[in-house]
Amino acid sequence: MDQRTYSLRDSPFFRLRSKAKLASLLYVSLDKLRTLTDGDQRYFEFTKPKKSGGVRKISAPIAPLKQVQSRIADLLSRVTPPNYLFAPVSGRSYADNAAFHIGARSVRLLDIEDFFPSCTAKKAIWFFRTRMECSPDVAAILANIVTFRGALPQGSPCSPILAYLCYVDMWNEISKLVEDCQCKLSVYADDLTISGVSVPEAQIWQIKKTLFRHGHRYVKNKERSIRDKPVEITGVILRRSGIAAPNRQHVKITKVRDEIARTTSVTHKAMLERQLRGRLAQIGQIAAADQRKRTPSGTAS
């Protein structure tokens, strides 16, 4: 784990009660800070297709706001994460998230619906006022910087970490429910994975109730219950004996290599070679996570 991590109470945001100190912490002037707290012109909006169908609305911050949000994200991401949190955590990957469940006989997958839009400005204020004990004016400024139209925006660099921190009580409740049935929990952004020798249906129902109570819903058509069979978790195939890249990754690598051999365009070949390096890096990342989990030092308790 990164040596720069610290407890919540050691965060520079903890008990921050001066707007001038906040501006200094975020590397901007107080006047500049005020200009970043309001107005639709702070974002440009567009849509991206979802793999599951439909589109996702992206609200991308303008450069000055993104710079400040990135600074906030960097500082908040240094708060020591729990073992069950894999994203957004530096040094933990989607492959580590899947490898965490090696050896399980039963796996249950849940996906939170519209996670960032469900994380409200009210919860952001709650986090900065209650958890960080900031003054009301500092908490309001921070909430205005990190939210857009009343929620955490898709496209902001600080939305992922705040989606966890603003609902830390919810996540800890879910973690306790999973521990109580001798299972393991991992959270990768809006993906929940619960595994064990068996995963009691009654406990899953309690987890769903906890999500509902905190204002979230799960995506019903993405829920999966698997026993004694391989399962895909965050783009990685989990077997009881280890993890591997899905077959489609190997198929795509073969196709890219074939296209590289056929193309006569230098530009196209360079683009394909970059794509190939990226896909091979993903395969390597999965293999490395599998190896870490198999070594004594990488075995989770």
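Preceding this section is the structure that the text describes.
These numbers come from a predicted model, not from an experiment. (Residues numbered from 1 in each chain as written. Predicted model: local features only at pLDDT ≥ 70, side-chain atom pairs only at ≥ 80, totals over all residues. Heavy atoms only, no water.)

## Some points on the overall build of the chain
On a plain count of helices and strands, the chain comes out with 12 helices and 10 strands. Over its C-alpha trace the chain gives a radius of gyration of 21 Å, about what one expects of a compact globule, namely 19 Å for 301 residues. Each principal axis of the C-alpha atoms in the chain carries an extent, and together these give about 60 × 55 × 40 Å. Looking at the chain as a whole, 46% of its 301 residues qualify as buried. Sequence separation of 24 or more characterises 69% of the internal contacts of the chain that already satisfy a separation of 6 or more. (Helix = DSSP H or I, 4+ residues; strand = E, 2+ residues; numbered from the N terminus. Rg over C-alpha atoms; globule rule 2.2 N^0.38 Å. Buried < 20%, exposed > 50% of the residue type's maximum accessible area, 1.4 Å probe, protein only. Contact = heavy atoms within 4.5 Å.)

## Some details on the packing of aromatic side chains
To describe a pair of aromatic rings, one takes the distance between the centres and the angle between the planes. Applying the stated rule across the entire model yields 8 aromatic pairs. Look at Tyr-43 and Phe-148: their rings are 4.2 Å apart centre to centre, the planes differ by 25°, and that puts the pair in the stacked class. Of this pair, Tyr-43 sits in strand β1 (residues 43–49) while Phe-148 sits in the loop between α7 (136–146) and α8 (159–165), and the two are 105 residues apart along the sequence. We note that Tyr-43, like Phe-148, is buried. Three or more aromatic residues link up through ring pairs in this structure, and these residues are Phe-13, Phe-127 and Phe-128. Here the basic side chain of Lys-123 rests over the ring of Trp-126, its NZ or CZ set 4.1 Å away from the ring centre. (Phe/Tyr/Trp six-rings, centres within 6.5 Å; stacked < 30°, edge-to-face > 60°. Lys NZ or Arg CZ within 6 Å of the ring centre and 35° of its normal.)

## Side note on the nonpolar core
Across soluble globular proteins, nonpolar side chains have a tendency to be buried as a group. In this structure, Phe-13, Ile-72, Trp-171 and Ile-194 are the most contacted members of the largest nonpolar core, which totals 65 residues. Ranked by residue count, the leading element in this core is α7, at 7 residues. When sequence neighbours within four positions are dropped, the list of residues in contact with Ile-194 reads Ser-106, Val-107, Arg-108, Leu-110, Val-178, Cys-183, Lys-184, Leu-185, Val-199, Ile-204 and Ile-207. Core analysis: the second largest hydrophobic core is formed by 16 residues, Ile-233, Ile-243, Ala-245 and Ala-289 among them. (Core = buried A, V, L, I, M, F, W, Y, C linked by side-chain atoms within 4.5 Å.)

## Brief notes about the sheet that holds strand β10 (residues 242–244)
With antiparallel pairing, 3 strands are arranged side by side in an open sheet as β8-β9-β10. The open sheet has two edge strands with one neighbour each: β8 (231–233) and β10. If you compare each strand with its neighbour and ignore which way they point, the axes differ by 35° on average. Relative to β10, strand β9 (residues 236–239) runs antiparallel, the two sharing 3 bridges. Within the sheet, the bridge partner assigned to Leu-238 lies in β10 and is Ile-243. Taken strand by strand, helix α12 (residues 266–294) contacts β9 and β10, and its axis lies near 175° from that of β10. (Pairing = 2+ DSSP bridges. Axes fitted to C-alpha atoms, helices over the stretch in contact; angles between N-to-C directions.)

## A look at the sheet that holds strand β3 (residues 85–87)
Sheets are built from strands paired through backbone hydrogen bonds, the pairs being either parallel or antiparallel. Taken in spatial order, the 5 strands make up an open sheet running β3-β5-β6-β4-β7, and their pairing is mixed. In this open sheet, the two strands that pair with only one neighbour each are β3 and β7 (224–227). Ignoring strand direction, the axes of neighbouring strands in this sheet form an average angle of 15°. When β3 meets strand β5 (residues 184–188), the two strands line up parallel, connected through 2 bridges. The residue of β5 that forms the bridge with Leu-85 is Val-187. Contacts from helix α9 (residues 168–180) reach β5 and β6 (191–196), with the element oriented near 150° to β5.

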